[in-house]
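Geometric and topological summary
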Amino acid sequence: MEAPTVDKRVELLSIVFRLAGNREYNATFFKQYTDNVANHFEPYKDHEIVQFARELHQKKGISYEAVMNIAIMLDKDLNPLTDFSITQPERWSTNDVIKFAKLLKAFYKDAKCEAFFNANDALFKDVETRFRTAYEKLDLNWFHPFYGVTDNENFNMLVSLGCGDHNYGISYSLPNAKKEVFVIMGTWNMDESGMPVYDQNTYLPIMVHEFNHPFVNPLMAKHNELFEESGKEIFKALEYEMSRKQAYGDWKTVLNEALVRAATIKYFIDHGANKVEIQTLQRIDENKGFLWVRGLVAEL
């Protein structure tokens, strides 16, 4: 895996949906950067793509990782990496993604995005340097043996200034190519000067968590019928904790999250975490409603 990078596609999509009003893309933790965004893009808040993004959010539920799903499926020139009339990013319809991609290229030119990114290039490089201490202990060699799969993935670590305190583990596959796995980490802790701090104790568990998602989600999707009955009962009992407090909107998402959280704890067990550290991780998940995580870890 290459060194962590600030990806312009990710930042661009976060800016568009920030202008559209999505709450998850409107954090102001890194005030220096978000002020830069506001100052540059305020004149373009009514651009056609912003209006369309607002419609997508309100009527189609395009938010959170769905926004990032399209970001990773564009090349550096914002052209689709695949034919969107045949293969669409997850949670996007064919017509919507084709229209959005076309409007995005227009917005990039109209809003002078290249000038914005050039003006912030030194800031991006500083962030990349700061983030390296957080990811240097991440063991990517653990994932393939644990899931019993061959090394058929390219890992990509992206650090985002526009995702606030949200993080995403997503992926895509193209014919005759390795699966591309992306972890996008947000930025939310600042030092006294207002610059980002990426504490390893905070960020490492989240990185492990997000790198598990591209393995767990397709694995669970293959076997959803085995878990549907119990999954619906669990979701019914914990709907408030899962849906309203954490945006896990259905039983499939909840079971994905449960297995990812258990796999994350297993990662730290395999890397020598002591009993107190493991109990702390389990307690955090139990407090978020995943009451069965200890038993699931034991199964793993």
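Below, the structure is looked at part by part.

Rules of the game
- Sequence order as written defines residue numbering, which begins from 1 separately in each chain.
- Reporting of local features is limited, given that this is a predicted model, to residues whose pLDDT is at least 70; pairs of side-chain atoms are given and counted only at 80 or more, and all residues count toward the totals for whole chains, interfaces and linings.
- Hydrogen atoms and water are omitted, and side-chain values are computed over all heavy atoms in the structure.
- For this analysis, a nonpolar core means a set of buried residues of the types Ala, Val, Leu, Ile, Met, Phe, Trp, Tyr and Cys, connected via side-chain atoms within 4.5 Å.
- A simple rule labels every residue: compare its accessible area, found with a 1.4 Å probe on the protein chains alone, to the largest value its type can have, and call it buried under 20%, exposed over 50%, or partly exposed in between.
- A run of H or I in DSSP counts as a helix once it spans at least four residues, and a run of E counts as a strand once it spans at least two, with each numbered from the N terminus.
- In this description, contact between two residues means that some pair of their heavy atoms is separated by no more than 4.5 Å.
- Only Phe, Tyr and Trp rings are paired, with Trp represented by its six-membered ring, and only when their centres lie within 6.5 Å; those with planes under 30 degrees apart are stacked, over 60 edge-to-face, the remainder tilted.
- To sit over a ring, a charge needs its Lys NZ or Arg CZ within 6 Å of the ring centre and within 35 degrees of the ring normal.
- Salt bridge, as used here, is a side-chain nitrogen of Lys or Arg placed within 4 Å of a carboxyl oxygen of Asp or Glu.

Some remarks on the nonpolar core
- The biggest cluster of nonpolar side chains holds 98 residues, and the ones touching the most others in it are Phe 17, Phe 41, Met 68, Phe 100 and Phe 107.
- Ranked by residues supplied to this core, first place goes to helix H12 (residues 251–270) with 11 residues.
- Apart from the residues lying within four places of it in its own chain, the contact partners of Phe 100 are Leu 13, Val 16, Phe 17, Ile 49, Phe 52, Ala 53, Leu 56, Ile 70 and Trp 92.

Considerations on the packing of aromatic side chains
- As enumerated under the stated definition, the model contains 30 aromatic pairs in all.
- Judged by centre distance (4.9 Å) and plane angle (5 degrees), the ring pair of Tyr 147 and Phe 215 falls under stacked. Residue Tyr 147 is found in helix H8 (residues 143–147), and its partner Phe 215 is found in helix H9 (residues 200–222); the two are separated by 68 residues along the sequence.
- For Tyr 147, a relative accessible area of 18% translates into the label buried.
- Among the residues examined, Phe 215 registers a relative accessible area of 9% and is labelled buried.
- For the cation-ring pair, Lys 99 lies above Phe 52, with the distance from its terminal atom to the ring centre recorded as 4.3 Å.

Remarks on the pattern of salt bridges
- Following the criterion strictly, the structure yields 14 salt bridges and no others.
- Across the pair Arg 130 and Asp 126 runs a salt bridge whose closest N-O atoms are separated by 3.2 Å. In this pair, Arg 130 and Asp 126 are both assigned in helix H7 (residues 121–135), four residues apart and thus about one turn of the helix distant.
- Asp 270 is the partner of Lys 266 in a salt bridge, and the nearest nitrogen-oxygen pair spans 2.7 Å. Linking Lys 266 with Asp 270, this pair stays in helix H12, spanning four residues, or about one helical turn.
- If you follow the salt bridges from partner to partner, you end up with Asp 126, Arg 130 and Asp 191 in one network.

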